[in-house]
Structures are given as C-alpha cells and as structure tokens.
Amino acid sequence: MYQDVLDFWFDDIEPKQWFQKDIDFDNKIITRFGKLHQQAVQSELSAWRHSPKSALAEIIILDQFSRNIYRDQPESFAVDPMALALAQVAISNGFDKELTPTERSFLYMPFMHSESVVIHEEAVKLFRDLGIVNNLDFELKHKKIVDRFGRYPHRNAILGRQSSPEELAFLVEPNSSF
C-alpha cells in the first residue's frame with residue numbers, strides 16, 4: 001500500500017505538479033488517497049515507520065497530501081508537527097541515508113514547513129548536505145521568513161491569525177509566498 005503512494009508521487013505525476021495549485025490534481029489525491037490520509041492522521045499506519053520507504057510514504061501523506069486535500073483550509077497544516085516528528089525519527093534511524101536525493105528532499109520537507117527558528121537551523125544543514133541547490137535555496141527563503149516573523153505570514157488568513165502591519169506589507173511584495 002505504501003508503494004502506491006511512492007509510485008504515484010515519484011513516477012505517475014510530473015515533478016512540476018508537486019508544488020502547483022491545481023484543483024484537478026487535488027481532487028485526484030482526495031479520491032485516490034483520502035481514506036489513507038485519514039488513516040495516517042489517526043496513526044493507523046504506524047507499521048510503516050519501520051522501513052525507509054514506508055516511513056517516507058507516511059510523511060508524504062501527512063506533509064504533502066494534507067496540503068492538497070485541505071487546500072486553503074486550516075487542516076492543511078494541522079498534522080505538520082506529526083510529519084516533522086516522524087521525519088525526525090526516520091532521520092535518527094538513518095532512513096534518509098537509504099533514500100535517493102529526491103526522496104530525501106520529501107523526508108526533509110516537514111522541516112521546511114515548520115514555523116520554528118530552531119527547526120530551520122536543522123533544515124538548512126539537511127538541505128545543504130542533500131546537495132540539491134534548488135531545495136537549499138527554497139529552504140533559505142523559508143528560513144528567512146521564519147527568522148523575520150516567527151511564522152509564515154501567508155498562513156495567517158487561513159489560520160485565523162492577525163497579521164501585523166509588517167507582515168501585511170511583506171505579503172504584497174513579489175514572491176512573498178510559496
């Protein structure tokens with residue numbers, strides 16, 4: 001079952017689809033993986049945490065699929081702490097060393113999605129060691145925002161958070177959100 005997630009994410013779709021907003025793509029994930037996502041949220045996939053590939057699949061479900069299934073809703077970020085904790089455990093088990101660089105980038109993605117300055121310090125190290133320049137560049141951009149604001153201002157409206165005047169000014173700058 002976890003192989004279905006990996007096959008879909010790494011073989012069946014184009015890499016450009018990973019980060020595009022596309023309702024049809026979101027609906028495809030909902031239809032194909034919505035039930036599996038709910039199982040992951042309920043920790044019903046805990047058996048997947050014992051091998052590199054299956055652990056990665058659970059993290060993709062929680063970290064990436066949540067953003068597609070709940071696009072522009074608070075739930076899109078609700079299980080970020082769970083995805084981060086699972087990624088931290090996977091790394092401590094050395095699972096990342098058994099994955100391809102592209103797979104590792106998705107194992108590390110929960111670090112990039114964190115709103116913690118401390119977590120971003122680790123993320124920079126992970127993405128630097130990964131050696132994919134584009135991923136490191138994106139992490140550095142994310143880190144800069146979290147260092148400046150302590151959070152991602154583009155999430156404020158979705159999460160019902162009040163934006164500061166500085167955050168509002170930032171949000172109208174070109175390339176301010178991802």
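Higher on the page you've got the structure.
Residues numbered from 1 in each chain as written. Predicted model: local features only at pLDDT ≥ 70, side-chain atom pairs only at ≥ 80, totals over all residues. Heavy atoms only, no water.

Student: Please clarify how the environment of isoleucine 132 should be interpreted in this entry.
Tutor: Its place among the elements puts isoleucine 132 in the loop between helix 6 (117–130) and helix 7 (133–149). Look at isoleucine 132 and you get partly exposed, because its relative accessible area is 24%. Taking the C-alpha atoms as reference points, isoleucine 132 and threonine 102, separated by 30 residues in sequence, lie 8.4 Å from one another. Those residues within four positions of isoleucine 132 in sequence are excluded, and the remaining contacts are Pro101, Thr102 and Phe127. (Helix = DSSP H or I, 4+ residues; strand = E, 2+ residues; numbered from the N terminus. Buried < 20%, exposed > 50% of the residue type's maximum accessible area, 1.4 Å probe, protein only. Contact = heavy atoms within 4.5 Å.)

Student: Can you walk me through the nonpolar core in this structure?
Tutor: When a protein is soluble and globular, its nonpolar side chains tend to lie buried together. Counting 44 residues, the largest nonpolar core has Val5, Phe8, Trp9, Ile29, Ile60, Ile61 and Phe65 as the members making the most contacts within it. Of all the secondary-structure elements, those providing two or more residues to this core are helix 1 (2–12), helix 2 (23–41), helix 3 (52–69), helix 4 (80–92), helix 5 (101–113) and helix 6. Counting residues per element, this core draws most heavily on helix 3, which supplies nine residues. For tryptophan 9, the residues in contact, after removing those within four places along its chain, are Trp18, Phe25, Ile29, Ile60, Gln64, Phe65 and Phe106. Ile145, Phe149, Tyr152 and Phe170 belong to the second-largest nonpolar core, a separate cluster that totals five residues. (Core = buried A, V, L, I, M, F, W, Y, C linked by side-chain atoms within 4.5 Å.)

Student: How should I be thinking about the packing of aromatic side chains in this particular structure?
Tutor: Centre distance and the angle of the planes are the two values used to describe a pair of aromatic rings. Summed over the entire model, instances satisfying the criterion amount to 16 aromatic pairs. Geometrically, the ring pair formed by tryptophan 9 and tryptophan 18 is stacked, given 6.1 Å between the ring centres and 20° between the ring planes. Pair check on accessibility: tryptophan 9 and tryptophan 18 agree, each one buried. Grouped by ring-pair contacts, the aromatic residues Phe8, Trp9, Phe10, Trp18, Phe19, Phe25, Phe33, Phe65 and Phe106 constitute a single cluster. Cation over ring: lysine 141 sits above phenylalanine 138, and NZ or CZ is 5.3 Å from the ring centre. (Phe/Tyr/Trp six-rings, centres within 6.5 Å; stacked < 30°, edge-to-face > 60°. Lys NZ or Arg CZ within 6 Å of the ring centre and 35° of its normal.)

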